[in-house]
Amino acid sequence: MTRASVVFVVDDDPSVRSSLKFLLSSMGLQVETFDSAETFLQRKPPDAPSCLVLDVRLRGLSGLDFQRELAARNIRIPIVFVTGHGDIPMSVRAMKAGAIEFLTKPYRDQDLLDAVRIALERDRARREQEKEVTDLQQRFDSLTPREQEVISMVVSGMLNKQIAGQLGTAENTVKVHRSRAMEKMNAQSVADLVRIIERLKGPAEKAS
C-alpha cells in the first residue's frame, strides 16, 4: 500500500466515513469519502491504483445498482462491499459481478485492510497490463503497412520464400522487412513475435 493508491469510501453514514478514513489513512493510503454513489460518479476516475469501499444500502442508488452502473460505464474499479444488513443472495450477486470481498458488520479491521490490499494490487496489475498492451500497440502502429503484412505472415508460420511468393517480391526484401519489424517490435525471436501479436489480438479485435 502506497500513497499513490487511492481508496474511495462511499457510505451515507458520516461516522462510518470518518472511521474508515482514519483507519485507511493510518496505513498510508490516500482516502476520499462520498455520501452517495451519485456524488462519486461526478468525480473523474483517478489515474492511479484505486478501489471502492462501498456500503450496500445507500440513499439513492444502492451499492449493488452502483456496481452495475460502474460496469455499464466501463469504470473498472475493484469493490469491497461492507454492510450491516447483508444476506447470502446479496453477497452472491455482488461477488458474481466481480466484487473483491463482501464484509458484514461488525468485521475486523484487518479483514477490511486485507481486502483493500488485494483490491489495490489487482487494480495495479490491471493497469500495468493495459499499459504494456498500449506500448505494444504503439510499436505495431509504428510499422509500415508492408512490415505489418510481413510479420502477420511470419506469425502464421509462413517462410520467407513463401511470403515473397505471395507478395510478389524478392526473398531478400522480405528479410529486410522482417528484420526491421522485429527490431521495432523489440522481438528477439519469432516465438517472441508470436507472443506479442497474441497479446495484441484481443484489443485489436475490440477496436475493430
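Residues numbered from 1 in each chain as written. Predicted model: local features only at pLDDT ≥ 70, side-chain atom pairs only at ≥ 80, totals over all residues. Heavy atoms only, no water.

Colleague: Before we move on, could you go through the packing of aromatic side chains and cite the residues and values that matter?
Modeller: Aromatic rings in a pair are described by how distant their centres are and how their planes are angled relative to each other. One pass over the structure, following the stated rule, counts five aromatic pairs. Ring geometry for Phe-34 versus Phe-40: centroids 5.3 Å apart, planes at 85°, classification edge-to-face. Phe-40 carries the same exposure label as Phe-34, and that label is buried. Through pairs of rings, three or more aromatic residues link up here, namely Phe-8, Phe-34, Phe-40 and Phe-66. (Phe/Tyr/Trp six-rings, centres within 6.5 Å; stacked < 30°, edge-to-face > 60°. Buried < 20%, exposed > 50% of the residue type's maximum accessible area, 1.4 Å probe, protein only.)

Colleague: An account of the packing of helix α6 (residues 145-155) against helix α7 (residues 160-167) is requested, with residue identities and associated values reported.
Modeller: For the pair α6 and α7, the least separation of the axes is 10 Å and the interaxial angle reads 130°. One finds that α6 runs oblique with respect to α7. At the point where α6 passes α7, the crossing takes the right-handed sense. Judged by residue contacts, Arg-146, Glu-149, Val-150, Met-153 and Val-154 of α6 engage Ile-163, Gln-166 and Leu-167 from α7. Among the residues making up the contact of α6 with α7, the classes are represented as five nonpolar, one polar and two charged. (Axes fitted to C-alpha atoms, helices over the stretch in contact; angles between N-to-C directions. Helix = DSSP H or I, 4+ residues; strand = E, 2+ residues; numbered from the N terminus. Parallel < 35°, antiparallel > 145°, perpendicular 65-115°, else oblique. Left-handed = near helix turned anticlockwise from the far one by under 90°. Contact = heavy atoms within 4.5 Å. Nonpolar A, V, L, I, M, F, W, Y, C, P; charged D, E, K, R; others polar.)

Colleague: If you had to explain the pattern of salt bridges to someone new, which residues and values would you point to?
Modeller: What the rule picks out here adds up to 18 salt bridges. Here Arg-127 ties to Asp-47 by a salt bridge, and the two come within 3.8 Å at their closest N and O atoms. Within this pair, whereas Arg-127 is found in helix α5 (residues 109-141), its partner Asp-47 is found in the loop between α2 (37-41) and β3 (50-55), the two being separated by 80 residues in sequence. Judged by its relative accessible area of 77%, Asp-47 falls in the exposed class. Two residues, Arg-108 and Asp-111, come together in a salt bridge whose shortest N-O distance is 2.8 Å. On the basis of relative accessible area, Arg-108 is assigned to the exposed category, the value being 51%. Given the relative accessible area of 29%, Asp-111 is considered partly exposed. Linked through salt bridges whose partners overlap, the residues forming this network are Asp-47, Arg-76, Asp-123, Arg-126, Arg-127 and Glu-130. (Salt bridge = Lys/Arg side-chain N within 4 Å of Asp/Glu carboxyl O.)

Colleague: Kindly report on the side chain of Asp-192, identifying the contributing residues and their values.
Modeller: With respect to the element layout, Asp-192 can be found in helix α9 (residues 190-207). For Asp-192, the side chain forms a polar contact with the main-chain nitrogen of Gln-188, separated by 3.0 Å. With near-sequence residues (within four places) excluded, Asp-192 lies in contact with Asn-186 and Ala-187. (Polar contact = N/O pair within 3.5 Å; in protein donor to acceptor, adjacent residues only side chain to side chain.)

Colleague: A description of unusual backbone geometry should follow, citing residues and the corresponding values.
Modeller: Geometrically, the link from Lys-105 to Pro-106 is a cis peptide bond, its omega value of -5° lying close to zero. Checked against the element boundaries, Pro-106 lands in the loop between β5 (101-104) and α5. Unlike most non-glycine residues, Asn-74 shows phi in positive territory, near 60°. By secondary structure assignment, the location of Asn-74 is in the loop between α3 (63-72) and β4 (79-83). The phi torsion at Asn-186 lies on the positive side, around 60°, for a residue other than glycine. Mapped onto the secondary structure, Asn-186 falls in the loop between α8 (171-184) and α9. Look at Asn-186 and you get partly exposed, because its relative accessible area is 45%.

Colleague: Go over the side chain of Ser-50, please, and point to the residues and values.
Modeller: Mapping Ser-50 onto the fold places it in strand β3. Assessed through its relative accessible area of 1%, Ser-50 is described here as buried. Residues contacting Ser-50, with those up to four places away along its chain left out, are Val-6, Phe-8, Ile-77, Pro-78, Leu-120, Asp-123 and Arg-127.

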